[in-house]
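Here is how the chains run, residue by residue.
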Amino acid sequence: MRIFSGIQPTGRKHLGNYIGAIAQYISSQERGEGIFCIVDLHAITVAYEPIELRERLYDTTAILLAAGLDPARCILFRQSDVPEHTELTWLLCGVTELGRLQRMHQFRDKSIAQRELVSAGLLVYPVLMAADVLAYRAHEVPVGEDQREHVELMRDVARRFNARFGEGKEILVVPECRIPEVGARIMDLQEPARKMSTTSDSPQGTVYVLDEPRAIEKKFKSAVTDSGSEVRGGPEKEGIGNLIEILAAVRGSDRVAVEAEFADARYGEFKAAVASAVVEYLAPVRERYQALRAEESALEAILADGAERARAIASVTLADVRERMGVGAARA
Ligand code: AMP
Ligand code: TRP
């Protein structure tokens, strides 16, 4: 089984990214052949600084390694190092419905948020994402809930490609989405109706993977709850529900078990327990990160090796796609 996922090198990675996605990448190394891509070409679809992009790319690489991605057991590479992704994007544009791209949630949200230019890249973003996965004929795509719509689209693109050019064969694999049962959508600690993200208006609401323990404790202590006093989820209990979800995810248990354990606890006590569990969960990552991030040439070497191995797979798919589409000379 082949597993593929991508992560943007923008911003700083937060607890939502970690629980919703990165933790799944790590465990998927046990289940199959993992291919993980740091998607710098997706990052340039919104306003950005070129120098910062390179820095963030190394940050993200080091975080993934610190979290436990093992280059001996998986492929870790930078998207722009494998030109097959952009070529396949263009080819797949021919089987992608424009109206569908215009209706994607992320396109709508991000185009509203853009102050200057709404780039064509922002619209085509999901096609590049489809190309990322389809180039490897991956079976499974571990992501958080916010990426479900993008995976649906790539499934459609693969099906449409096969129907139009496959002559009854599955040339491109139709991948499955893998969204975790617990922690697929971690919410902002200050605004629990919004998902945790780097672009939050309330910096206190986002817990970063590299936050110091004291900062993490402070953020949980000031997390917004509600006027009730019971540790349980449900409507009107979004704040507490989110903390329950976080604790269940970092412990690898479930919401019911957390609610039972804290049935008699007060909010303050419960928040402190969540904070210390998260501190403990992220501490080893933060420690390993420092050493890994300091060695940029070692990070480059890992990415270069990953790109070479990725390209060996993607180029085979591209040759098939070009052949089927009648692009370029026929194969001998
Ligand atoms: P990004 O940093 O946007 O590339 O996201 C990387 C991964 O983190 C994707 O699989 C997202 O679905 C996941 N993710 C982002 N935000 C959250 C969140 N608040 N809760 C759970 N997963 C998330
Ligand atoms: N769009 C994804 C995000 O923002 C990142 C991504 C790019 C991705 N290519 C991918 C995720 C391929 C899964 C598979 O999180």
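To start, this report covers the structure provided alongside it. For every chain, the first residue of the written sequence is number 1, and numbering continues from 1 along that sequence. Chain labels run from A onward and ligand labels from 1 onward, assigned in the order the entries are written. Local features in this predicted model are restricted to residues whose pLDDT is 70 or higher, and side-chain atom pairs enter the listing and the counts only when it is 80 or higher, whereas totals over whole chains, interfaces and linings include all residues. Working from all heavy atoms in the structure, the side-chain values ignore hydrogens and water.

Along the backbone of the protein chain there are 13 helices and five strands. Computation of the radius of gyration draws on C-alpha atoms alone. For the globule rule, the value is 2.2 Å times the number of residues to the power 0.38. For 332 residues, the compact-globule estimate of 2.2 N^0.38 gives 20 Å, and the C-alpha radius of gyration of the protein chain, at 21 Å, lies within 12% of that figure. C-alpha atoms of the protein chain, sized along the principal axes, occupy 70 × 45 × 40 Å. Only protein chains enter the accessibility calculation, which uses a 1.4 Å probe. A residue is then buried if its area is under 20% of the maximum for its type, exposed if over 50%, and partly exposed in between. Counting only residues that meet the buried cut, the protein chain has 51% of its 332 residues in that class. Should any heavy atoms of two residues lie within 4.5 Å, those residues are considered in contact. Of all intrachain contacts in the protein chain linking residues separated by at least 6 positions in sequence, the fraction that spans at least 24 positions is 75%. Here the open area of atoms and residues is found with the Shrake-Rupley method and a 1.4 Å probe, where only the protein chains shown may cover a residue. Looking at the protein chain as shown, the accessible area adds up to about 15700 Å², and 50% of this sits on carbon and sulfur atoms. The charge count includes Lys and Arg as positive and Asp and Glu as negative, but it does not include His or the ends of the chains. To locate a charge, take NZ of a lysine, CZ of an arginine, CG of an aspartate or CD of a glutamate. In the protein chain, which carries 42 positive and 50 negative side-chain charges, the distance between the mean positions of the two groups comes to 2 Å. The way it works is that DSSP assigns letters per residue, a run of H or I at least four long becomes a helix, a run of E at least two long becomes a strand, and they are numbered from the N terminus.

What follows covers the nonpolar core. The biggest cluster of nonpolar side chains holds 54 residues, and the ones touching the most others in it are Leu15, Ile22, Val207, Phe220, Ile246, Phe270 and Val278. Mapped onto this core, the elements with two or more residues apiece are helix 1 (15-31), strand 2 (33-38), helix 3 (50-67), strand 3 (74-78), helix 9 (213-221), helix 10 (238-251), helix 12 (267-294) and helix 13 (296-325). The dominant element in this core, judged by the number of residues it contributes, is helix 12, at 10 residues. Domain limits in this description derive from either an automatic procedure or a database domain assignment. For this core, the two domains that each supply at least three residues are domain 1 (2-184 + 295-325) and domain 2 (203-290). Among all residues touching Ile22, those that are not within four sequence positions of it are Ile7, Asn17, Ile63, Leu64 and Ala67. Ranked by size, the runner-up nonpolar core spans 44 residues in total, among them Val39, Ile75, Leu101 and Val157. As used here, the term nonpolar core means buried Ala, Val, Leu, Ile, Met, Phe, Trp, Tyr and Cys residues forming a set that is joined through side-chain atoms within 4.5 Å.

What follows is about the site of ligand 1. Throughout this document, a residue counts as near a molecule or strand when at least one of its heavy atoms sits within 4 Å of that molecule or strand. Taken together, the neighbourhood of ligand 1 is formed by 18 residues, with Gln8, Lys13, Gly144, Asp146 and Ile186 sitting nearest. Throughout this description, a polar contact denotes any pair of N or O atoms lying within 3.5 Å of each other; where both atoms belong to protein, one of them has to be capable of donating a hydrogen while the other can accept it, and for residues adjacent in sequence the pair is counted only when both atoms sit in side chains. Within the contact set of ligand 1, a nitrogen atom lies 3.1 Å away from a backbone nitrogen or oxygen of Gly16. Met196 places a main-chain nitrogen or oxygen 3.0 Å from a nitrogen atom of ligand 1. When residues in the shell around ligand 1 are grouped by element, the largest group, four residues, is from helix 1.

Around ligand 2 sit 13 residues, and of these Gln8, Tyr125, Met129, Asp132 and Gln147 come closest. One nitrogen or oxygen atom from the side chain of Tyr125 is found 2.7 Å from a nitrogen atom belonging to ligand 2. Starting from 370 Å² of accessible surface for ligand 2 in isolation, the protein chains cover 91%. Of all the elements in the fold, those that place two or more residues in the shell around ligand 2 are strand 1 (2-7) and helix 7 (120-134). The dominant element in the shell around ligand 2, judged by the number of residues it contributes, is helix 7, at four residues. Each residue gets one of three labels, nonpolar for Ala, Val, Leu, Ile, Met, Phe, Trp, Tyr, Cys and Pro, charged for Asp, Glu, Lys and Arg, and polar for the others, Gly among them. For the shell around ligand 2, the class distribution of residues is seven nonpolar, five polar and one charged.

To continue, consider the pattern of salt bridges. What makes a salt bridge here is a side-chain nitrogen of Lys or Arg within 4 Å of a carboxyl oxygen of Asp or Glu, nothing more. This model, assessed by the stated rule, comprises 31 salt bridges. Taking the shortest distance from any N to any O, the salt bridge between Arg103 and Glu97 comes out at 3.6 Å. The closest approach of N and O atoms between Glu296 and Arg293, which form a salt bridge, is 2.9 Å. Judged by relative accessible area, Glu296 falls into the partly exposed class, the value being 31%. For Arg293, a relative accessible area of 14% gives the class buried. A single salt-bridge network, built from bridges that share partners, covers Glu52, Glu55, Arg56, Asp59, Arg293 and Glu296.

Let us now look at the pairing of strand 3. Within strand 3, five of the five residues are buried, which leaves the element mostly enclosed by the surrounding structure. Sheet analysis places strand 2 next to strand 3, joined by five bridges and oriented parallel. Each residue of the ladder has a partner; that of Cys37, found in strand 3, is Phe77. Strands were regarded as paired on the criterion that DSSP finds at least two bridges between them.

All right, on to the packing of aromatic side chains then. Working definition: rings of Phe, Tyr and Trp (its six-membered ring) pair if their centres are within 6.5 Å, and the pair is stacked with planes under 30 degrees apart, edge-to-face with planes over 60 apart, and tilted otherwise. By the definition in use, this model includes six aromatic pairs. Measuring from ring centre to ring centre gives 5.4 Å for Tyr18 and Tyr281, while their planes differ by 80°; the resulting arrangement is edge-to-face. You can see Tyr18 sitting in helix 1 and its partner Tyr281 sitting in helix 12, a full 263 residues away along the chain. Between Phe161 and Phe165 the ring centres are 5.2 Å apart and the planes differ by 45°, which places this aromatic pair in the tilted class. With Phe161 and Phe165 both in helix 8 (residues 148-165), this residue pair falls four residues apart, about one helical turn.

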